[in-house]
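Next come the chains, spelled out residue by residue.
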Amino acid sequence: MVTVYEKKLVYEKKVGLSRRELLKRGGVGALLVISGSAVISPEHAWGLETSALKPETMATLIQAARDIYPHDQVPDKYYAIAVKGHDETAAKDPAHKELIEKGIAELDKKAGKGGYRGLGWEEQRVALLTDIEKTPFFQAVRGGLVVSLYNQKEVWPIFGYEGESYSKGGYIARGFNDIEWL
Amino acid sequence: MAASFDLKNDGVVVIIGSGAGGGTLGNELAQKGIDVVILEAGARHELEDFINDEWDSFTQLAWKDKRTTSGDWRVAKDFPNLPAWIVKSVGGSTTHWAGASLRFQEHEFKAATTYGKVKGANLVDWPVTLAEMEPYYAKAEAKMGVTGTNNWPRLPGNNNFKVLKAGADKLGYKECHTGNMAINSVERDDRNSCQQTGFCFQGCKWGAKWSTLYTEIPKGEATGHLEVRPNSMVIKINHDASGKVTGVVYGDKDGKLQEQKARIVAVAGNSIESPRLLLNSESSKFPHGLANSSGQVGKNYMRHTTGSVYAIFDKPVHMYRGTTMAGIIRDEARHDPSRGFVGGYEMETLSLGLPFMAAFLNPGGWGRSFTTALDHYDHMAGLWIVGEDMPREENRITLHKDEKDEHGMPIADVHFDDHPNDEAMRNHAYKQGQALYAAVGATRTFPTPPYPSTHNLGTNRMSEKAEDGVVNKHGQSHDIKNLFVSDGSQFTSGAAENPTLTIVTLAIRQADYIAAQMSAKTI
Ligand SMILES: Cc1cc2nc3c(=O)[nH]c(=O)nc-3n(C[C@H](O)[C@H](O)[C@H](O)COP(=O)(O)OP(=O)(O)OC[C@H]3O[C@@H](n4cnc5c(N)ncnc54)[C@H](O)[C@@H]3O)c2cc1C
Ligand code: SF4
């Protein structure tokens, strides 16, 4: 089971770490912190508990997801939600678990000391991803994201997509022809 | 009251598929007092069940049974098991469709004569002319409520249309308007007018857009001569020793095989399933499948030369608001070989929601070049290219050698190679579309590759001579008198226009023919 904790209280209780401690562990500038079986975002008050994949793997997967589909205005939480399905699948399917764990290990190895997440520039990480673009691992991660990232209703407003409109009476009185700059 | 017919009733007309062709034919025959059973593979979802959500709606309505692909078309690489985006549900693809309803042009019925010899294309003329089709086109437009005909006003233009129109004016295009749409611009036929919801592809919850689901089918049922049997997947058509068809075998809702007897069988499963079924109905008498003495069943698969152009502007557009496809430029639809290709293409407004845009803008794409496009989703405008593609023998539907579906029927493989004419046309259209948006100030444009096929045509084509095709000018198979084809697979060539108005027109015409033959007792 993967749980995404949304409230500070929740992760503090469940994981039993204070915010200060978290920041200490993560060091300055670290976006995601590993604690026990969870990936935690101290700054944004959410945590994600893994069941099959290593939490480090999950943290790297979240970073890779952002590097594959980088939207600077989309918070990490949505990338975490987008990749958590891999943990669920891994719990049921050992082959999938191996695909992801090995794929991430490979990325970390290529990245050298400090691993994939230790690379400071997006370009450096993207170069590694480009190298493995054709692999089943990359395709599984990228392919899954197309739906799992962009089909989250919560991210639609960030892109200016309004979603369902029938219940609001369509756009006939809500701007279907409101363009003014032409 | 909807009828209910016995499996052993061999006086009924059995129609396979309830979409544009099958649903229309079923109602037309029922109106004439002829008993009809429509067998439909999909479930029956009524309009209140439709979902304003792209993936959820796709899951609800689309044909997702596995198919395989081959050939050099990009769909085979990006969507190897989804060659077509069509529907498995009562109403067929008329639940998903956008409503663009255009008559073919006169020369398009004479493709071989007009275009001359095109290397690598298997062109023949249609056995019908525009003049013969016109009275039936008029009936179809009246039935479907096509805007811009019968004094029905055109739809109001949405934001996406306004951008298209501004660009068309800049490029000097003359024929640009909100189209001929089978969408109510005014209340009629006991149905709402369009509320500009923007989910035309997901089933119109207002019922403003024509679909056999809530027009033809209930009207036919009300006569007491039509039964629609959902969740009924036909896997074989049976025949007797004389070669006449006698009934069909189908898997029912519980997966049990049943046989429905029939006086006449009409196949309308869309252009992948219809030939698949004919091929799978092989017997010792017809070793290459039914109606296939010419060897043309499954061949000449066409999907229109398509592509999209999306553009980003420095100011908002909100293209997804309002009718998805109410906007067209027709100037490029003419035949003008000086452009470097035969035939022509239409440009029509199109928008996708964010989830489908992510899936289709550049399948397989990733990184900032891709994501910065989506970052400006609400500043995007878009158009769809739909042009005539060339029929080719090697573009075809075949039965998979090993893989079978849940009923034990071999799955379909769809092979498609672009013809050089298709590529030249697509490139021309990309250039025009990009120039059009640039003229309105686009800061970036995207020549977007074709989606899985929404228009599927030609795999049981009409021909004057039996050796050139599968059916005659009435959709009656050349080989078997009481076997008809009633969907887009009858198309002899593709024309530039969206196909459904012509499918409906042919179905109305075919109903007259079947009724006349039945009373003359020739079938
Ligand atoms: C998103 C989208 C937008 C479109 N927009 C337009 C447009 O604007 N204008 C236009 O002209 N066209 C448009 N089209 C195309 C249009 O929908 C099709 O051309 C038309 O519906 C095809 O009619 P048909 O009768 O051949 O098949 P369909 O309408 O697809 O109906 C076939 C039916 O047969 C059933 N079936 C198949 N095999 C079997 C079997 N063995 N047993 C029982 N049932 C079976 C299927 O489940 C299906 O319900 C669009 C299509 C899509 C998907
Ligand atoms: S825009 Fe009009 S036709 Fe399209 S779904 Fe909405 S009401 Fe129906």
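All values derive from a computational prediction rather than experimental measurement.

> Tell me about the overall build of chain B, and name the residues and values.
Helix and strand counts for chain B stand at 12 helices and 17 strands. For chain B, the residues scored as buried account for 69% of the 523 residues in total. For chain B, the exposed surface amounts to about 16,500 Å²; the carbon and sulfur share of it is 50%. Taking the average place of the 55 positive charges on the side chains of chain B and the average place of its 62 negative ones, the gap between the two points comes to 1 Å.

> Break down the nonpolar core for me, citing the residues and quoting the values.
All names here are of chain B. I237, Y437 and L483 are the most contacted members of the largest nonpolar core, which has 209 residues in total. For this core, the leading source of residues is helix α12 (residues 500-519), giving 11 residues. If we skip the residues at most four places from it in the chain, L483 touches I237, V245, V265, V267, L278, L290, A291, G475, Q476 and S477. Judged by nonpolar contacts, the second largest core, of seven residues, contains A111, Y115, L123 and V342.

> Explain the interface of chain B and chain A residue by residue, including any values.
Facing the 43 residues of chain B at the interface are 40 residues of chain A. In total, chain B and chain A occlude about 3,600 Å² of area from one another, counting both sides; carbon and sulfur atoms represent 62% of this. Applying the counting criterion to the chain B and chain A interface returns five salt bridges. A salt bridge links R321 of chain B to E162 of chain A; the nearest nitrogen and oxygen atoms lie 2.8 Å apart. Counting the contacts that link chain B with chain A gives 26 residue pairs in polar contact (both at pLDDT 80 or more).

> Explain the environment of Q258 of chain B to me, using residue names and the numbers behind them.
All names here are of chain B. Secondary-structure assignment places Q258 in strand β8 (residues 257-261). A sequence separation of 24 residues divides Q258 from V234, and the C-alpha atoms of the two residues are 9.2 Å apart. Leave out the neighbours within four places in its chain, and Q258 touches L7, V248, V249, Y250 and D252. Side-chain polar atoms of Q258 contact the side chain of D252, separated by 3.0 Å.

What counts and what doesn't
Residues numbered from 1 in each chain as written. Chains lettered and ligands numbered in written order. Predicted model: local features only at pLDDT ≥ 70, side-chain atom pairs only at ≥ 80, totals over all residues. Heavy atoms only, no water. Helix = DSSP H or I, 4+ residues; strand = E, 2+ residues; numbered from the N terminus. Buried < 20%, exposed > 50% of the residue type's maximum accessible area, 1.4 Å probe, protein only. Areas by Shrake-Rupley, 256 points an atom, 1.4 Å probe, with all protein chains shown as cover. Lys, Arg positive; Asp, Glu negative; His and termini not counted. Charge placed at Lys NZ, Arg CZ, Asp CG, Glu CD. Core = buried A, V, L, I, M, F, W, Y, C linked by side-chain atoms within 4.5 Å. Contact = heavy atoms within 4.5 Å. Buried area = accessible area lost by both parts, 1.4 Å probe. Salt bridge = Lys/Arg side-chain N within 4 Å of Asp/Glu carboxyl O. Polar contact = N/O pair within 3.5 Å; in protein donor to acceptor, adjacent residues only side chain to side chain.

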